[in-house]
Amino acid sequence: MRALASPASCKGVLTAIEAAMALAAGMRNAGLDADELPVADGGEGTAEVFAASLGGEWRQAPATDPLGRPVRARYLVLEDGSAVVEAAEAVGLRLLAQDELDPMRTSSRGLGELLVAVSDEAAGPILIGLGDTATVDGGAGMLEAAGDRLRSRDLQALCDVRSPLLGERGAARAFGPQKGASPEQVEELERRLAGMDELRPFAELPGAGAAGGLGAAIASLGGRLVPGAAVVLERIAFRAQVAGADLVVTGEGTIDRSSTEGKAVGEVLRSCREQGVRCELFGGRVEEAPPGTSPHALSGDPARAADDLVELGGRLGRLVLGVA
């Protein structure tokens, strides 16, 4: 019997590739023919998921982090000439210490610098993963650094949320607190975003509020905002690989209702249901089971995460095979 290990990343604990390796090892131990097919939705690790399935060439370019310090940012150039860029490589939360989080002064300028460098190296479309950024500047820094040099390029922003620019689900109010903003600062950020004339025509687009308003900023350059999970799964030929599988296991660090609202886990589940393939979900933590699912909670101990997934893979493998 054939199975697919198709997790997204468990942020800060395991990459999607590491989680897939652990799951697949457990399923193979149980006697299944298991393949690793990690997934992503535009957040951190998206480029690695592309590389694992499609190959490509890793390159680096100089940029600046959210506080203006120099960094070397990785990006992936695929064989068809398109490039995969993660905004988090230049302006990610992971580049800042906890006491450095300050969306009142962090800038997306480094992403603009990175995209200009990529546009000089890649001939095809530029896919930009918008997850896990530390900024809420509406892309002001990116736009300043890039100028008009990106307007002729095919830019595709991979969004893992469908949030508009403003309002309760928008860039400031929904995501500002996790980037370090106080309640008072959230309202100031909302006012700043509302005052950016260049973003106003794109404020209601699904994904405009992604990455602190970078979605709207990329749309203002002529880019398209696309559902990240759907694009990733299409590019790695997920549906074709699911065909004929007896079991698919997916999951992420935290499972809640939002896991099936634009995230990779939800797209995997939807694809499996459409093809009549059994799909099991796991979470490092399960805060709320999405409708129609019964996720498997791991131990919650980050140090045990890989072992937990090996054990889960084995348990599910034995269940599918009917072995006690």
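The rules behind the values
- Residues numbered from 1 in each chain as written.
- Predicted model: local features only at pLDDT ≥ 70, side-chain atom pairs only at ≥ 80, totals over all residues.
- Heavy atoms only, no water.
- Phe/Tyr/Trp six-rings, centres within 6.5 Å; stacked < 30°, edge-to-face > 60°.
- Lys NZ or Arg CZ within 6 Å of the ring centre and 35° of its normal.
- Helix = DSSP H or I, 4+ residues; strand = E, 2+ residues; numbered from the N terminus.
- Contact = heavy atoms within 4.5 Å.
- Pairing = 2+ DSSP bridges.
- Axes fitted to C-alpha atoms, helices over the stretch in contact; angles between N-to-C directions.
- Expected span 1.5 Å × (residues − 1).
- Buried < 20%, exposed > 50% of the residue type's maximum accessible area, 1.4 Å probe, protein only.
- Parallel < 35°, antiparallel > 145°, perpendicular 65-115°, else oblique.
- Left-handed = near helix turned anticlockwise from the far one by under 90°.
- Core = buried A, V, L, I, M, F, W, Y, C linked by side-chain atoms within 4.5 Å.
- Salt bridge = Lys/Arg side-chain N within 4 Å of Asp/Glu carboxyl O.
- Polar contact = N/O pair within 3.5 Å; in protein donor to acceptor, adjacent residues only side chain to side chain.

A. Structural context of the packing of aromatic side chains. Tallied over the full model, the rule gives zero aromatic pairs. If you follow R74 out to its NZ or CZ, it ends over the ring of W58, 3.7 Å from the centre.

B. Geometry of the side chain of T46. With respect to the helices and strands, the residue T46 is situated in helix 2 (residues 46-54). Excluding residues that lie within four positions of it along the chain, T46 makes contacts with A40, D41, V84, E86, L158 and V232.

C. How the structure looks around the sheet that holds strand 10 (residues 279-286). The strand order 2-1-9-10-11 describes an open sheet built from five strands, whose pairing is parallel. Bordering the open sheet on either side are strand 2 (33-36) and strand 11 (296-297), each of which pairs with just one other strand. Pairing analysis gives seven bridges linking strand 9 (residues 247-255) to strand 10, with the strands arranged parallel. By the bridge assignment for strand 10, V249 is matched with E280. Seen against the sheet, helix 11 (residues 264-275) touches strand 9 and strand 10 and runs at an angle of roughly 155° to strand 9.

D. Quick look at helix 12 (residues 305-321). Across its 17 residues, helix 12 extends 24 Å between first and last C-alpha, which sits within 8% of the 24 Å expected from 1.5 Å per residue. Taken residue by residue, helix 12 has A305, D308, L309, L312, G313, G314, L316, G317 and V320 as its buried positions. Contacts made by the buried residues of helix 12 are with helix 1 (16-30), strand 9, strand 10 and strand 11. Of the residues flanking the end of helix 12, it is G322, one or two places downstream, whose phi is positive at about 75°.

E. Structural view of the packing of helix 9 (residues 228-235) against helix 11. The contact between helix 9 and helix 11 brings their axes to 8 Å, and the two run at 55°. Taken together, the axes of helix 9 and helix 11 are oblique relative to one another. Crossing angle aside, the handedness with which helix 9 passes helix 11 is right-handed. Every residue of helix 11 that contacts helix 9 at A229, A230 and L233 is listed here: A264, E267 and V268.

F. Main features of the nonpolar core. Membership of the largest hydrophobic core comes to 48 residues, with the highest contact counts inside it found for V85, L111, L114, L115, V118, L130 and M142. The element best represented in this core is helix 8 (residues 210-220), accounting for six residues. With near-sequence residues (within four places) excluded, L114 lies in contact with A61, A63, A73, Y75, V85, E86 and A90. Core analysis: the next-biggest nonpolar cluster, separate from the first, contains 21 residues, L14, L247, L312 and L316 among them.

G. Inspection of the pattern of salt bridges at higher detail. Scanning the model with the defined rule gives 29 salt bridges in all. E113 serves as the salt-bridge partner of R109, at 3.3 Å between the closest nitrogen and oxygen. Taken as a pair, R109 and E113 lie in helix 4 (residues 109-121) at a separation of four residues, close to a single helical turn. Take E113: its relative accessible area is 23%, and that puts it in the partly exposed class. Residues R304 and D308 are paired through a salt bridge, measuring 2.9 Å at the closest nitrogen-oxygen approach.

H. Fine view of the side chain of D65. One can find D65 in the loop between strand 3 (57-64) and strand 4 (70-77). The exposure class assigned to D65 is buried, which follows from its relative accessible area of 5%. Looking at D65, its side chain comes within polar contact range of the main-chain nitrogen of L67, at 2.8 Å. With residues near it in sequence (within four places) discarded, D65 still touches V71, A90, L95, L96 and S107.

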